[in-house]
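Understanding the architecture of this molecule
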Amino acid sequence: MQSTADAFEDLRKDFPVLNRRVRDDKKLVYFDNAATTQKPNQVIDAISDYYQNYNSNIHRAVHALAEESTEAFENTRDIVAKFLNIEDSREIIFVRGTTEGINLVAYAWGRDNVKEGDIIVTTEYEHHSNIVPWQLLTQEKKAQLKYIDIDDNGELMLDQLDDYLSTGKVKLVTFSHMSNVLGTISPVEKIVSKCKNAGVKVLIDAAQSVPHMKVNLNEIGCDFFVFSGHKMLGPTGVGVLWAKKEILEKMSPFLGGGDMIREVHKYETTWNDLPYKFEAGTPNIADVIGFAKAIEYLEKIGMDNIRNHELELTKYALEEMKKIPGLTLYGTKEPEKRGGVISFNFNDVHPHDVGTIIDKDGVAIRSGHHCAQVLMEKLNVSATNRASFYIYNTKEEIDVLIAALQNVAKVFKL
Amino acid sequence: MSGDPIYTEMIIEYSRNPSNFGKIDNAHIHQHDANPLCGDTIDLYLNIDDNKISEVKFDGHGCAICMACCSVLTEMIKGKTLDDVKKFDKDELLSELGLEHLVKTSPVRIKCALLSLKSLKFGIYSYFVDKMKDSESAGNLNEEAANLY
């Protein structure tokens, strides 16, 4: 019988890009999965198939192609709903990505519900996409934006949430399910239950969690949930916003235009039903169809297996990286509390230099502030290096990273 | 890695021990700039006496390329007249560090290399326009700076 590690190794053949060589004929070691993942043939082929065989706009025309494309598009909605354990697929809104999903909520829900003096709570380890929309909203409404700080272990200090909630002014608590820099997995249950007790709405930025672990939205009990397809084998330009039907029905629309209307007259319009009310204009049909194949691919492997595979890789990488003198690791030391994301600095060598040097050995990591400058300020660094893993990565690749890091020490005479 | 054309002895040395590193209080020109890509930030300080750059310093955080280029740029412009500095172009700076190839080979890292020069050009432009009210001398330095990379 094939071992689990072999099974994961075996799926590499589905990803054409993993076979390519980079720089001086080096094998590509792709560790920038938190930014975007590679795509399997199943996804690429589904997109080609759409364009080659049934390209057509959806929802309107009655011809054969339109019927096929509409069915394939709407089929993805059902697949997403099942994947997240949601009963009503009308609660799934397709957006461009997590950023657009959060902006949609800030604009459409936030503008109707947040008033002067109200509080929106976010955290210190958010991506800019879960900070800036709230800055725009709170500035416009003269409301306040507050942060849950992180402790030395990179975990949220939930006492502060209690303090904010006790003011009675909090309208929304918005946080990432998993930090894109530290990998910390947020204590979702605790946060949601505190908020529910206080009657406060909760938004979860799941861009880093949904691709890597089983998520049961029926159990989580949040109000808004947002993630991106391209971080989970899917194409770019497809994301999902899920919200409870009662909330979506009351919300004002986001973008106005075609498909989101029921009837348009010269001076007034009535809105279409969910989910179309929030999907103005021709959507990203091909990529939504491709996204379905990505979810099917992940489900075939099993989300729990994926989580275990990444946990194994993360444990191994942390062990090996600890042995390198002068290497600073950020975030919790307990692998179980984090995803497959490791941020580090190497002595005082700037992450961009580390990134460039190890790139010569074919290792692709991310160097920079990871769109998390508030967190960088907290960590008192301008940037970090980040290696992030996915289903196709192996321990041998981590060995290549470690060897490449030793080159950095040589170049900088550390 | 020893053959890497970016990380030469000179660049490593400059990044470890940058020249003219520090601050000038109440400098005639103080220009702050950042590279949104990687979060590099620099502050460039210049004093102008008799139409010459009498004093120059910089501080900030950046990668080895950014720090080395800041160091070399400040060394190269010290004592020069403003007219000379206005004409200063990117090839002069890059060739001093053997980094000319970055223009072609690394559209990403060229931004690290030229952040200093961009700040210099913007700084001098603002000096002429805002302080000296002399937009003629400022010329199109702002456009040059904006189109540097």
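A brief report on the enclosed structure follows. (Residues numbered from 1 in each chain as written. Chains lettered and ligands numbered in written order. Predicted model: local features only at pLDDT ≥ 70, side-chain atom pairs only at ≥ 80, totals over all residues. Heavy atoms only, no water.)

1. A short note on the sheet that holds strand β13 (residues 327-329) of chain A
Strands pair in a sheet through their backbones, by hydrogen bonds, and they do so in one of two ways: parallel or antiparallel. Residues and elements named next belong to chain A. Short version of the rule: Pairs of strands are assigned from DSSP output, requiring at least two bridges between the strands. Strands here mean DSSP runs of E at least two residues long; helices mean DSSP runs of H or I at least four residues long; both are numbered from the N terminus. Every axis corresponds to a line fitted to the C-alpha atoms, with the helix fit spanning only the stretch in contact, and the corresponding angles, defined between N-to-C directions, vary from 0 to 180 degrees. By definition, residues are in contact when any of their heavy atoms lie within 4.5 Å.
Read from one edge to the other, the open sheet built from four strands follows the order β13-β14-β17-β16, with strand pairing classed as antiparallel. The outermost strands of the open sheet, each flanked by one partner alone, are β13 and β16 (366-368). Ignoring which end each strand starts from, the neighbouring axes of this sheet average 30 degrees apart. Two elements, β16 and strand β17 (residues 384-388), share three bridges in a ladder whose sense is antiparallel. Directly across from Ser367, in β17, lies its bridge partner Asn385. Helix-sheet contacts for helix α14 (residues 395-411) involve β13, β14 (341-346) and β17, and the interaxial angle to β14 is about 20 degrees.

2. Comments concerning the layout of surface pockets
Operational definition: Think of a 1 Å grid over just the protein atoms. A cavity is a set of points where a 1.4 Å probe fits yet cannot get out, a pocket is an open set with protein on both sides within 12 Å along at least five of seven lines, and lining residues have an atom within 4 Å of a point. Grid points are joined across faces, edges and corners, and a volume is the space filled by probe spheres set on the points.
Looking at the largest pocket, its volume works out to about 740 Å³. Lining the largest pocket are 27 residues, and of these Arg23, Gly355, Thr356 and Asp359 of chain A together with Val108 of chain B lie nearest its centre. Taken together, the elements giving at least two residues each to the lining of the largest pocket come down to α12 (351-359), β15 (363-364) and β16 of chain A together with α5 (102-105) of chain B. The element best represented in the lining of the largest pocket is α12 of chain A, accounting for four residues.

3. Concerning the side chain of Glu100 of chain A
Residue and element names in this part refer to chain A. Cut-off, in case you're wondering: Each residue gets one of three labels from its accessible area relative to the maximum for its type: buried under 20%, exposed over 50%, partly exposed in between, using a 1.4 Å probe on protein chains only.
Structurally, Glu100 is set in helix α4 (residues 98-113). Judged by its relative accessible area of 18%, Glu100 is buried. With residues up to four places along the chain from it excluded, the contact list for Glu100 reads Val95 and Phe254.

4. Comments concerning the pairing of strand β3 (residues 52-61) of chain B
All names here are of chain B. Of the pairings in the sheet, the one linking strand β2 (residues 40-49) to β3 comprises nine bridges and is antiparallel in character. Following the sheet pairing, Asp43 is matched in β3 by Asp59. Counted along the chain from β2 to the antiparallel partner β3, the turn is two residues long, and its residue Asp50 has a positive phi close to 55 degrees.

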